Amino acid sequence: GELGQPITPAAGGSGGQQQHTPIWSVPSPLRLPSVFVTSASCGGYHTLLLSSEGMMYSFGNGLSGRLGHGDTRSSDFPQEIEALRQVHVKRVYSGWAHSLCIDRDGCCYTWGNGGNGRLGHGNTRNLWRPRVVDVLVRVRARAVAGSCSFEHSGVCCRDGAVWMWGLGEHGQLGVGSTEVHTKPVRVDALLEQGVRVGSLAC
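Reading the values: rules and limits
Residues numbered from 1 in each chain as written. Predicted model: local features only at pLDDT ≥ 70, side-chain atom pairs only at ≥ 80, totals over all residues. Heavy atoms only, no water. Helix = DSSP H or I, 4+ residues; strand = E, 2+ residues; numbered from the N terminus. Contact = heavy atoms within 4.5 Å. Areas by Shrake-Rupley, 256 points an atom, 1.4 Å probe, with all protein chains shown as cover. Pairing = 2+ DSSP bridges. Axes fitted to C-alpha atoms, helices over the stretch in contact; angles between N-to-C directions. Buried < 20%, exposed > 50% of the residue type's maximum accessible area, 1.4 Å probe, protein only. pLDDT = per-residue confidence, 0-100.

Engineer: Whenever I open this one, the overall build of the protein chain confuses me. Can you help?
Structural biologist: A count of helical and extended segments in the protein chain gives two helices and 14 strands. For the protein chain, the proportion of contacts with a sequence separation of at least 24, taken over those separated by at least 6, is 45%. Only carbon and sulfur atoms are counted for the fraction: they give 49% of the accessible area of the protein chain, which is about 10,500 Å².

Rendered as structure tokens:
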């Protein structure tokens, strides 16, 4: 389903028919009528698409709610994320089991697996629908770019500051500790050196 291709029947199994997703060894076109895709991001087992009109689509494995459709069902074809229908999305990012997007006002949304605080909402709960990362709103941090990894996430903002959250076991958050941070923490070491960041990759 991560490829956006329909699941096809195959012989086998007790009932004679078994569902499986084909493996494609060469690029295969994905056709979305009336949708012009401008950006895509691939996670562990899911894919996010962004249209020219700021609409967001997802498909693949729905475990932990990473597709953002309000459930944990998987989808073998792109479906619009209805919770973001009133939001004009500018950037999309897929982690291994969670998702992140940024709208045109710089608000950051996350959803999916919340283990080790990777969603940034102050807890480790899974979210089946996109939710604004409130901490960033309260400090008026307007995101311009972001990134998701296996168990941590981050954004850089209009003022050049970087905010990170999630698993910090190996120092990957850059905040001077190896602790789990369930809410965004600013990477002050960069600001102290006069570094202004415009992009990041986790």
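Moving on from the model shown.
Engineer: Please explain the environment of Gly 112 as it appears in this structure.
Structural biologist: Along the chain, the position of Gly 112 falls in strand S9 (residues 108–112). Distance in space between the C-alpha atoms of Gly 112 and Leu 100 is 9.0 Å, their sequence separation being 12 residues.

Engineer: What am I meant to see in the sheet that holds strand S10 (residues 127–132) here?
Structural biologist: Strands pair in a sheet through their backbones, by hydrogen bonds, and they do so in one of two ways: parallel or antiparallel. Spatially, four strands are ordered S7-S8-S9-S10 in an open sheet, and the strand pairing comes out antiparallel. The open sheet has two edge strands with one neighbour each: strand S7 (89–94) and S10. Across this sheet, the average inter-strand angle for adjacent strands is 15°, counted without regard to direction.

Engineer: Looking at this structure, I do not really get the pairing of strand S13 (residues 162–166). What am I missing?
Structural biologist: Two faces, one strand: in a regular strand the side chains alternate between the faces of the sheet. Within S13, five of the five residues are buried, leaving the element largely enclosed by the surrounding structure. Residue alternation in S13 divides its side chains into two sets, Val 162, Met 164 and Gly 166 and Trp 163 and Trp 165, and both sets are buried. Here strand S12 (residues 152–157) folds back onto S13, and the loop between the two strands holds four residues, one of which, Gly 160, carries a positive phi near 90°. Taken together, the three bridges between S13 and strand S14 (residues 181–186) define a ladder with antiparallel strand orientation. In the sheet register, Trp 163 faces S14, and the bridge partner there is Arg 186.

Engineer: Before we go on, may I ask you to explain the confidence of the model for the protein chain in this structure?
Structural biologist: Fine structural detail should not be taken from predicted coordinates in areas where pLDDT scores are low. Of the residues in the protein chain, 88% reach a pLDDT of 70 or more, and the chain-wide mean stands at 91. Counting interchain partners and residues more than four positions distant, the pLDDT-below-50 stretch residues 7–18 has 19 contacts.

Engineer: Looking at this structure, I do not really get the sheet that holds S13. What am I missing?
Structural biologist: With antiparallel pairing, four strands are arranged side by side in an open sheet as S11-S12-S13-S14. Of all the strands in the sheet, the pair left with one neighbour each is strand S11 (143–148) and S14. Sheet twist, expressed as the average angle between the axes of neighbouring strands with direction ignored, equals 15°. Both S12 and S13 contribute to a ladder of five bridges, which runs antiparallel. Residue pairing for S13: Cys 156 is matched across the bridge by Val 162.

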